[in-house]
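So the chains spell out like this:
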Amino acid sequence: MKMATSTRVVVGLIGSMLLVSASVASSMPLATDFHAASCPQLESIVRAAVQAARAANVQVTAGLLRIFFHDCLPEGCDASILLEPELSTGPNQSLQKNAVDLIESIRAKVHAACGPTVSCADIIALATRDAVSLSGGPTIAMPLGRTDSLEGADDVSMLPGPGSSVDALLTLFNTRALSDPADLVALSGGHTVGKASCDFIRDNDDFTRSLTRQCNASPSKKTSLDTITPDVFDNKYFVALKARHGVFVSDQGLADHPRTSGLVTTFAANQTAFFAQFAKSFVKMGSIPGPKGEIRRNCFRPNSRLDMDAASFGAVADE
């Protein structure tokens with residue numbers, strides 16, 4: 001049928017144009033106004049969607065932060081985390097599903113308004129930024145212009161765990177151009193809105209043993225990483241560390257290590273200082289480059305897969 005043939009031609013042309021635009025975008029530096037002309041509604045669309053998601057489940061902030069960190073650390077901020085096998089590998093298996101689905105939902109709204117001009121990687125960055133500020137955290141000027149990877153990573157072994165030593169964390173962050181210990185300490189402050197399964201509690205003193213008992217008795221089998229103000233993005237996580245109420249080994253270690261303990265003390269006493277450093281370190285992490293990619297038309301599938309599916313559909317229709 002001629003209609004099916006035309007459909008395949010259009011799909012091919014669209015795919016080619018998108019790959020060209022992605023190549024252009026990936027060669028340009030990140031900028032806060034990157035999408036100002038191509039999608040002026042972008043930030044209002046993202047913020048409204050995140051606000052609605054938080055109204056339904058305040059824990060979406062923690063879910064987005066975890067997606068952002070897990071995406072950027074292995075191979076750069078390129079939304080590879082939304083592709084298989086990365087999405088279901090190792091610690092990513094426990095990513096918050098409603099936060100993962102929120103990214104694709106926002107992508108659909110943005111592309112409906114502006115066309116396929118904004119990457120899933122940029123949407124992850126903006127949604128996470130807005131979730132932080134809507135939770136009481138700092139307002140962050142986020143550079144944009146990322147592209148999406150063509151495939152998911154199959155090795156996420158470098159992602160740190162709750163039992164990681166501070167030395168191991170400092171070494172890892174140094175390999176990702178986050179060499180200032182303040183980057184590690186401030187970004188760890190994102191745990192101020194986090195929760196964890198009972199099995200990850202360090203359980204090596206009276207406080208954490210009591211916390212483990214309470215956690216195991218709770219219906220959710222989870223505990224807050226900030227035991228003071230668990231749903232607010234503030235500096236109370238650091239106040240808790242000073243009181244030796246850190247939940248993870250990696251958290252409490254920050255208050256004890258000679259390269260990070262002074263920063264914990266500063267942030268516990270001065271929320272403004274924490275917010276300023278978090279904003280700076282958040283942008284640094286968000287600027288870790290990924291490989292040259294594309295603007296995905298579905299965050300869970302590379303465009304080549306979408307084009308193949310469309311071609312197959314056209315072939316069936318042509319029979």
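As the structure is a prediction and not an experimental result, all values here were calculated from the model.

A. Structural view of the confidence of the model for the chain. In the predicted model, the chain carries a mean pLDDT of 90, and 88% of its residues have values of at least 70. Low confidence marks residues 1-26, where pLDDT is under 50. Its contacts with residues over four positions away, or in another chain, come to 30 contacts.

B. How the structure looks around helix 12 (residues 271-286). Here helix 12 spans 22 Å end to end across 16 residues, near enough to the 22 Å set by a 1.5 Å rise per residue. Along helix 12, the residues that are buried comprise Phe274, Phe275, Gln277, Phe278, Ala279, Ser281, Phe282, Met285 and Gly286. Buried residues along helix 12 sit against helix 3 (60-75), helix 5 (120-134), helix 6 (166-175), helix 7 (181-188), helix 9 (236-242) and helix 11 (261-269). In this structure Asn270 caps helix 12, since a side-chain oxygen of it lies 3.0 Å from the backbone nitrogen of Thr272.

C. Layout of the packing of aromatic side chains. If you walk through the whole model with that rule in mind, you get 12 aromatic pairs. For the ring pair Phe68 and Phe69, a centre distance of 6.0 Å and an interplane angle of 50° mean the geometry is tilted. By the burial criterion, Phe68 is buried, and Phe69 matches it. Geometrically, the ring pair formed by Phe233 and Phe274 is stacked, given 5.8 Å between the ring centres and 10° between the ring planes. Note that Phe233 is positioned in the loop between strand 2 (222-224) and helix 9 and Phe274 in helix 12, a separation of 41 residues in sequence.

D. Region of interest: the UniProt feature "active site" (unreviewed entry) in the chain. If you check UniProt for "active site" (unreviewed entry), the listed places come out as His70 in our numbering. Structurally, the position occupied by His70 is in helix 3.

E. Geometry of the nonpolar core. Formed by 72 residues in total, the largest nonpolar core has its most connected members in Phe68, Ile106, Val110, Phe238, Phe278 and Met285. Sequence-distant contacts of Met285, that is, excluding residues within four places in its chain, are made with Phe68, Phe69, Cys72, Leu73, Cys77, Phe173, Leu178 and Leu187. The next biggest cluster of nonpolar side chains, apart from the first, holds 8 residues, and it includes Ala196, Cys215, Val247 and Phe248.

F. Quick peek at unusual backbone geometry. A cis amide bond links Glu84 with the next residue in sequence, Pro85, at an omega value of 5°. With respect to the helices and strands, Pro85 occurs in the loop between helix 3 and helix 4 (97-114). Positive phi is not limited to glycine here, since Ala177 has a value of about 60°. With respect to the helices and strands, the residue Ala177 is situated in the loop between helix 6 and helix 7. For Ala177, a relative accessible area of 57% corresponds to the exposed category. Notably, Arg244 is not glycine yet its phi reads approximately 60°, a positive angle.

G. The arrangement of the packing of helix 3 against helix 5 in detail. Close contact between helix 3 and helix 5 brings their axes to 9 Å; oriented N to C, the two are set at 140°. For the element pair helix 3 / helix 5, the angle class is oblique. Handedness of the crossing formed by helix 3 with helix 5: left-handed. Note on element contacts: helix 5 touches helix 3 through Ile124, Ala125, Ala127, Thr128, Ala131 and Val132, opposite Thr61, Leu64, Leu65, Ile67, Phe68 and Asp71.

H. Focus on the environment of Arg129. On the secondary structure map, Arg129 appears in helix 5. The exposure class assigned to Arg129 is buried, which follows from its relative accessible area of 10%. Along the sequence, Arg129 and Ala279 sit 150 residues apart, while their C-alpha atoms lie 9.1 Å from each other. With residues up to four places along the chain from it excluded, the contact list for Arg129 reads Glu43, Ile140, Met142 and Phe282.

I. Broad picture of the state of the cysteines. What the rule picks out here adds up to 4 disulfides. Each sulfur in the disulfide pair Cys72 and Cys77 lies 2.0 Å from the other. With the S-S bond torsion at 120°, the cross-link from Cys72 to Cys77 turns out right-handed. Cys77 matches Cys72 in its accessibility class, with the two residues each being buried. In this model Cys198 forms its disulfide with Cys215; the gap between the sulfur atoms is 2.1 Å. The sign of the -90° torsion about the S-S bond sets the Cys198-Cys215 disulfide as left-handed. Of this pair, Cys198 sits in the loop between strand 1 (195-197) and helix 8 (206-217) while Cys215 sits in helix 8, and the two are 17 residues apart along the sequence. Note on accessibility: Cys198 and Cys215 belong to one class, buried. For the chain, the bonded cysteines connect in the pattern 1-4, 2-3, 5-8, 6-7 when numbered consecutively along the sequence.

Each value, and the rule that gives it
Residues numbered from 1 in each chain as written. Predicted model: local features only at pLDDT ≥ 70, side-chain atom pairs only at ≥ 80, totals over all residues. Heavy atoms only, no water. pLDDT = per-residue confidence, 0-100. Contact = heavy atoms within 4.5 Å. Helix = DSSP H or I, 4+ residues; strand = E, 2+ residues; numbered from the N terminus. Expected span 1.5 Å × (residues − 1). Buried < 20%, exposed > 50% of the residue type's maximum accessible area, 1.4 Å probe, protein only. Polar contact = N/O pair within 3.5 Å; in protein donor to acceptor, adjacent residues only side chain to side chain. Phe/Tyr/Trp six-rings, centres within 6.5 Å; stacked < 30°, edge-to-face > 60°. UniProt positions renumbered as here; feature names shortened; annotations may be inferred. Core = buried A, V, L, I, M, F, W, Y, C linked by side-chain atoms within 4.5 Å. Axes fitted to C-alpha atoms, helices over the stretch in contact; angles between N-to-C directions. Parallel < 35°, antiparallel > 145°, perpendicular 65-115°, else oblique. Left-handed = near helix turned anticlockwise from the far one by under 90°. Disulfide = S-S within 2.5 Å.

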